[in-house]
Amino acid sequence: MIALKPMMGSRQIKTAVESVKKAWNVSLVGLSESQKCHVISVLKSQVNKPMVIITYNDVQAKKIYEDLSFFLGNDVLLFPHRQLLFYNITAHSNDISEQRISVLGSLCLGQVKVIVAPVEALLTVTVSPRQFSEGIKRITDGDKLDMDGFVQGLVRGGYERVDMIEGKGQFSVRGGIIDVFGAGMENPIRMELFDDEVDSIREFDVNSQRSIQRLKSFVLFPAREVTISDDVFQKAKRQIEGPIMEYIKSVNGQGTYNTDGLLEKLQPVLDARQNIFYFEGVEELLPVFYHERHTFFDYLGDDGVIFIDEPERVRQRAENVHLEFDENFKTLLIQGEVLKQQYNLMMNYRDLVESISQNPCVKVVLNTLPRTSKDFRVNRQVSFVTRTMH
């Protein structure tokens, strides 16, 4: 925080801090890329609220994340883009999934964090905060624990049961010992139960299996961003089973249609006699199971700060991403590879602007060059003068 002290006394910084504290939307003009991170860090030190920085691509998001981490450490999280892979449902990145889960979980817990997101990460829909929160477990030493219920909850949250943990998203049970490795954890957790009471909680090394330290409590996030509850699963199956089979029959044999890919993706739904909670590709079927659309902004609450970094570039990127999605989806729909409901997996730019505008959080627009944003109205503009060093 010492590195930020020279900026705290400037008139522009004081005006920006005052604006945010009064819940005034403000435009900050004239800041270089590195200065933006300085200003955000100062604002965070003066205004203890959750903050989200929306920027125009993955590269810029990672750069801002790294720069802010220098000033704010572990209070900074990256919310990456999850690609919609209709053609290859096994290609999702576990690292990206874990980062997204950590962000959503932190927001559900009300933790005051700084979140950096490329705009494309905010265009894709997700499950409701209520459903995600139901998968968060808080365990304290001495708690009463129903082992069967706890294990069922892990399965419902997308965890894989194994004999011995090797990676994240797994758990094992041996007698009264439960090992689990959750998203956002550096090391897995081992719980020992005495009858139905948590007798000890330890962090341990996944390779050596040796204990690292004893813990008083821990929080466990779901292993998957999207899981399906039993009642929703059965209802969706009944709703789509007939139409899907009719659709497949109607297009088979028409030459340009090949429904093998669609059938493969839907097989877990069509074949299941009971809820399986999670299967590869369930994220791409989210609109089939849930008709209400939820986004990142549903998690943010109403007492935070949203930064829009170079809004014109954000707009261009969002429109290009949605245009590419739109063209690819139409082709896949004609080829019989997707269901029409899946089009609702992504918002367009106007939807995004509406989500941001309707959110009560303070908006801070960041522009290097003097520029008026027609999509994000502000109450005040603060101009910074940047001097080049020779």
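Structural notes, computed from the coordinates. (Residues numbered from 1 in each chain as written. Predicted model: local features only at pLDDT ≥ 70, side-chain atom pairs only at ≥ 80, totals over all residues. Heavy atoms only, no water.)

## Digging into the overall build of the chain
Here's step 1: Looking only at helices and strands, the chain features 14 helices and 15 strands.
Here's step 2: Here the chain, with 390 residues, has 53% of them falling under the buried criterion.
Here's step 3: Contacts in the chain between residues far apart in sequence, at least 24 positions, make up 73% of those at least 6 positions apart.
Here's step 4: Split by element, the accessible area of the chain, about 19,300 Å² in all, is 47% carbon and sulfur. (Helix = DSSP H or I, 4+ residues; strand = E, 2+ residues; numbered from the N terminus. Buried < 20%, exposed > 50% of the residue type's maximum accessible area, 1.4 Å probe, protein only. Contact = heavy atoms within 4.5 Å. Areas by Shrake-Rupley, 256 points an atom, 1.4 Å probe, with all protein chains shown as cover.)

## So, the sheet that holds strand 6 (residues 160-161)
Here's step 1: Taken in spatial order, the 6 strands of this open sheet run 6-7-8-9-10-11, and their pairing is mixed. At either end of the open sheet lies a strand with only one pairing partner, and these are strand 6 and strand 11 (211-215).
Here's step 2: Pairing of strand 10 (residues 197-204) with strand 11, which is carried by 4 bridges, proceeds in the antiparallel orientation. Counterpart to Glu203 in the pairing with strand 11 is Gln213.
Here's step 3: Of the strands in this sheet, strand 6, strand 7 (170-174), strand 8 (177-181) and strand 9 (189-194) are in contact with helix 8 (residues 147-156), which crosses strand 7 at around 160°. (Pairing = 2+ DSSP bridges. Axes fitted to C-alpha atoms, helices over the stretch in contact; angles between N-to-C directions.)

## Re the sheet that holds strand 4 (residues 114-118)
Strand-to-strand pairing in sheets goes through backbone hydrogen bonds, with the strands running parallel or antiparallel.
Here's step 1: The strand order across the open sheet built from 7 strands is 3-4-2-13-14-1-15, with neighbouring strands paired in parallel fashion. A single partner strand is all that each edge strand has here, and the edge strands are strand 3 (76-78) and strand 15 (380-383). Geometrically, the sheet is characterised by an average inter-axis angle of 20° between neighbouring strands, direction not taken into account.
Here's step 2: Judged from the 4 bridges that link them, strand 1 (residues 26-29) and strand 14 (residues 362-367) form a sheet pairing that is parallel. Its bridge partner lying in strand 14, Val29 is registered against Asn367.
Here's step 3: Set on the sheet, helix 4 (residues 58-72) makes contact with strand 2 (51-55), strand 3, strand 4 and strand 13 (305-309); between it and strand 4 the angle comes to about 165°.
Here's step 4: Against the sheet, helix 5 (residues 94-108) engages strand 3 and strand 4, with an angle of about 130° to strand 3.

## A closer look at the packing of helix 3 (residues 33-46) against helix 4
Here's step 1: Close contact between helix 3 and helix 4 brings their axes to 10 Å; oriented N to C, the two are set at 50°. With respect to helix 4, the element helix 3 is oriented oblique. Crossing geometry of helix 3 relative to helix 4 is assigned as right-handed. Here Glu33, Cys37, His38, Ile40, Ser41 and Lys44 of helix 3 come into contact with helix 4, specifically with Gln60, Ile64, Asp67, Leu68, Phe71 and Leu72. (Parallel < 35°, antiparallel > 145°, perpendicular 65-115°, else oblique. Left-handed = near helix turned anticlockwise from the far one by under 90°.)

## Topic: empty space enclosed by the protein
Here's step 1: Enumeration over the complete set of coordinates arrives at 2 cavities of 30 Å³ or more.
Here's step 2: Taken as a whole, the second largest cavity holds about 40 Å³ of empty space.
Here's step 3: Residues that form the lining of the second largest cavity fall into these classes: 4 nonpolar, 1 polar and 3 charged. (1 Å grid on protein atoms, 1.4 Å probe; cavity = no way out; pocket = protein on both sides within 12 Å on 5 of 7 lines; lining within 4 Å. Points joined across faces, edges and corners; volume = space filled by probe spheres on them. Nonpolar A, V, L, I, M, F, W, Y, C, P; charged D, E, K, R; others polar.)

## Topic: helix 3
Here's step 1: Here helix 3 spans 21 Å end to end across 14 residues, near enough to the 20 Å set by a 1.5 Å rise per residue.
Here's step 2: Along helix 3, the positions that sit buried rather than exposed are Lys36, Cys37, Val39, Ile40, Ser41, Val42, Leu43 and Lys44. (Expected span 1.5 Å × (residues − 1).)

## Some thoughts on the side chain of Gln12
Here's step 1: For Gln12, the location among the structural elements is in helix 2 (residues 11-21).
Here's step 2: Its relative accessible area of 14% is what places Gln12 among the buried residues.
Here's step 3: One polar contact links the side chain of Gln12 to the main-chain carbonyl oxygen of Ser383, over a distance of 3.5 Å.
Here's step 4: Not counting residues up to four positions away in its chain, the partners in contact with Gln12 are Val382, Ser383, Phe384 and Val385. (Polar contact = N/O pair within 3.5 Å; in protein donor to acceptor, adjacent residues only side chain to side chain.)

## Some points on helix 14 (residues 349-358)
Here's step 1: Considered for burial, the residues of helix 14 that qualify are Tyr349, Leu352, Val353 and Ile356. One face of helix 14 carries all of its buried residues, which in axial projection span an arc of 100°.
Here's step 2: Next to the buried residues of helix 14 lie strand 2, helix 6 (119-123), helix 12 (297-300), strand 13, helix 13 (311-334) and strand 14.
Here's step 3: Capping the start of helix 14, Asn348 holds a side-chain oxygen 3.1 Å from the backbone nitrogen of Arg350, two or three residues further along. (Arc of directions from axis to C-beta.)

## Observations concerning unusual backbone geometry
Here's step 1: Positive phi, normally seen in glycine, also occurs at Gln209, with a value near 65°.
Here's step 2: In this structure, Glu310 is a non-glycine residue whose phi angle is positive, near 55°.
Here's step 3: With respect to the helices, strands and loops of the structure, Glu310 is situated in the loop between strand 13 and helix 13.

## Looking at the packing of aromatic side chains
Here's step 1: This model, assessed by the stated rule, comprises 7 aromatic pairs.
Here's step 2: With 5.1 Å between their ring centres and 45° between their planes, Phe79 and Phe296 make a pair best called tilted. With Phe79 in the loop between strand 3 and helix 5 and Phe296 in the loop between helix 11 (286-289) and helix 12, the pair connects residues that are 217 residues apart, well separated along the chain.
Here's step 3: Under the relative-accessibility criterion, Phe79 is labelled buried at 1%.
Here's step 4: Residue Phe296 is classed as buried on the basis of its relative accessible area, which comes to 2%.
Here's step 5: Ring geometry for Phe296 and Phe297: centres 5.6 Å apart, planes at 85°, overall edge-to-face. (Phe/Tyr/Trp six-rings, centres within 6.5 Å; stacked < 30°, edge-to-face > 60°.)

## Digging into the nonpolar core
Here's step 1: Ile54, Phe79, Leu122, Phe296, Phe297, Ile306 and Leu352 are the most contacted members of the largest nonpolar core, which has 55 residues in total.
Here's step 2: Per element, the largest residue contribution to this core is 6 residues, and it comes from helix 13.
Here's step 3: Apart from residues no more than four positions distant in its own chain, Leu352 is found in contact with Val119, Leu122, Leu123, Phe297 and Met347.
Here's step 4: Counting 31 residues, the second largest nonpolar core, distinct from the first, contains Ile53, Leu68, Phe71 and Val364. (Core = buried A, V, L, I, M, F, W, Y, C linked by side-chain atoms within 4.5 Å.)

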